[in-house]
Amino acid sequence: MQLPPKVTSRAFERLAEIGAATEGKALRVAVEGGGCSGFQYEIVLDEPKDDDLILEGAGQKVVVDAVSLPFLTDAVIDFTEELIGARFVIENPNATSSCGCGTSFSM
């Protein structure tokens, strides 16, 4: 059974801060081949498409395309602020390993 990814309130709050919904945009989380570990995340502001899974909260949207969805089963999409910078992050229980920066993973 595939559980959809979860989005933290902190991630939705950050989307509200940057005004994503007011521009008609959503946070798109996609998985592509490549990166130093085999797969990599693409995280961009984009317009929702008809076949996207739409996750909503605080008036904001996070979208995942049908091809990426199996790779993100039960993942957590969050936003973090650290000394090295602020960014959206994915905690993916399906990843068997990942690179140091967290944008690339293997399964």
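Everything here concerns the structure above.
Below is a summary of the structure that appears in this document. If you're wondering where the values come from, they're calculated on a predicted model, not measured in any experiment.

Side note on the environment of V31
Right, on to step 1. Assignment of secondary structure puts V31 in strand 2 (residues 26-33).
Right, on to step 2. Residues V31 and V64, 33 residues apart in the sequence, show an inter-C-alpha distance of 9.0 Å.

Considerations on unusual backbone geometry
Note: most residues except glycine have negative phi, and most peptide bonds are trans.
Right, on to step 1. Look at A58: it is not a glycine, yet its phi comes out positive at around 55°.
Right, on to step 2. Along the polypeptide, A58 turns up in the loop between strand 4 (53-57) and strand 5 (60-64).
Right, on to step 3. Look at A58 and you get exposed, because its relative accessible area is 62%.
Right, on to step 4. One non-glycine residue, D74, lies in positive phi territory at about 60°.
Right, on to step 5. Relative to the helices and strands, D74 resides in the loop between strand 5 and strand 6 (76-82).
Right, on to step 6. What makes D74 partly exposed here is its relative accessible area of 29%.

Rules used throughout
Residues numbered from 1 in each chain as written. Predicted model: local features only at pLDDT ≥ 70, side-chain atom pairs only at ≥ 80, totals over all residues. Heavy atoms only, no water. Helix = DSSP H or I, 4+ residues; strand = E, 2+ residues; numbered from the N terminus. Buried < 20%, exposed > 50% of the residue type's maximum accessible area, 1.4 Å probe, protein only.

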